[in-house]
Amino acid sequence: MKSLKQRAENIDAVMKKAASKTPCRLIAVSKQQPDEKIVQALDAGLRIFGENRVQEAAARWGERFVQHRDGLELHLIGPLQSNKTADACALFDVIHTLDRSSLAKALAKYRDGGGKLPRLLVQVNTGEEEQKSGVMPAKLSAFLRSMDQDYGLTIEGLMCIPPVDEAPGAHFWLLRTLAADHGLSELSMGMSADYDTAAKLGATYVRVGSALFGARS
Ligand SMILES: *Cc1c(COP(=O)(O)O)cnc(C)c1O
């Protein structure tokens, strides 16, 4: 079996080969993985980690692994409830899932109270799925305008999770087009099954869990 370090190197090589102009960075999605795997990842030199739950991430990264805290970059890739905004802002360097005004309002309030905001990406519901979070593509322009004008929030890029039963390429293409149309530089797209496709289509972050760490417990 390959070591975690070898898997990370393979993913890196695939990304480097695929990515043309923009550098693409690997977010190691550590949600629901045992701490021993995190230690292996840190030993392998990985420093960018993704978590989808604020509480779980705080328990893992808030106290343990503090010796790595300086070099670490933590990304929230799961939905954020407005009442957890302060906790999330204190822990995460980047939030990928801004998708509604109530959350923007909570973020602005945190900033106005003297808090330092993480970097922000807006989640787009590229598949226009009923049950999925994210701003609908047709509403993105108005949403981004409101983030700036109503809340004074700077948005750096877009994130998407394509529908499970569709080829992801068209969704990645749409996300890239939307980002270009709005002058946004960061593109968070691609997971274990499709990060190479995403990297080819201009991803600046791919979010890889199981292909790196193995199946989640
Ligand atoms: C869990 C998760 C991932 C990683 O999924 P894998 O298929 O294990 O790579 C990526 N992005 C989001 C938003 C996730 O919730």
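Scroll up to find the structure this text is about.
Residues numbered from 1 in each chain as written. Predicted model: local features only at pLDDT ≥ 70, side-chain atom pairs only at ≥ 80, totals over all residues. Heavy atoms only, no water.

Undergrad: An account of the pattern of salt bridges is needed here, citing residue identities and associated values.
TA: The final tally for this structure, using the stated rule, is 10 salt bridges. Of the charged contacts in the structure, one is a salt bridge between Asp12 and Lys16, with a shortest N-O distance of 3.2 Å. Taken together, the residues Asp12 and Lys16, both in helix H1 (residues 4-18) and 4 residues apart, mark about one turn of the helix. The exposure class of Asp12 is partly exposed, given its relative accessible area of 31%. Among the salt bridges present, the one from Glu129 reaches Lys132, with a minimum N-O distance of 2.9 Å. (Salt bridge = Lys/Arg side-chain N within 4 Å of Asp/Glu carboxyl O. Helix = DSSP H or I, 4+ residues; strand = E, 2+ residues; numbered from the N terminus. Buried < 20%, exposed > 50% of the residue type's maximum accessible area, 1.4 Å probe, protein only.)

Undergrad: Could you give me a rundown of the pairing of strand E3 (residues 73-76), with the residues and numbers involved?
TA: Here 4 bridges tie strand E2 (residues 48-51) to E3, and the two strands are oriented parallel to one another. Residue pairing in the sheet places Glu51 in a bridge with Leu76 of E3. Where E3 meets strand E4 (residues 94-98), 2 bridges bridge the pair, whose relative direction is parallel. Bridging from a neighbouring strand, Leu76 pairs with Ile95 of E4. (Pairing = 2+ DSSP bridges.)

Undergrad: How would you sum up the side chain of Thr97? Please name residues and give values.
TA: Along the chain, Thr97 falls in strand E4. Among the polar contacts listed, one links the side chain of Thr97 to the backbone oxygen of Gly78, at a separation of 2.8 Å. (Polar contact = N/O pair within 3.5 Å; in protein donor to acceptor, adjacent residues only side chain to side chain.)

Undergrad: I'd like to hear about the side chain of Arg7, residue by residue, with values.
TA: With respect to the secondary-structure elements, Arg7 resides in helix H1. At 10 Å, Glu36 is the nearest oppositely charged side chain to Arg7, a buried residue that forms no salt bridge. Within polar-contact distance, the side chain of Arg7 engages the backbone oxygen of Leu212 at 2.6 Å. Among residues more than four places away in sequence, those in contact with Arg7 are Met1, Lys2, Ala211, Leu212, Phe213 and Gly214. (Lys, Arg positive; Asp, Glu negative; His and termini not counted. Contact = heavy atoms within 4.5 Å.)

Undergrad: Give a description of the state of the cysteines that names residues and reports values.
TA: Under the criterion given, the structure shown has 0 disulfides. Cysteine Cys24 remains unbridged, with the sulfur of Cys160 as its closest cysteine sulfur at 13 Å. You can call Cys24 buried: its relative accessible area is 14%. (Disulfide = S-S within 2.5 Å.)

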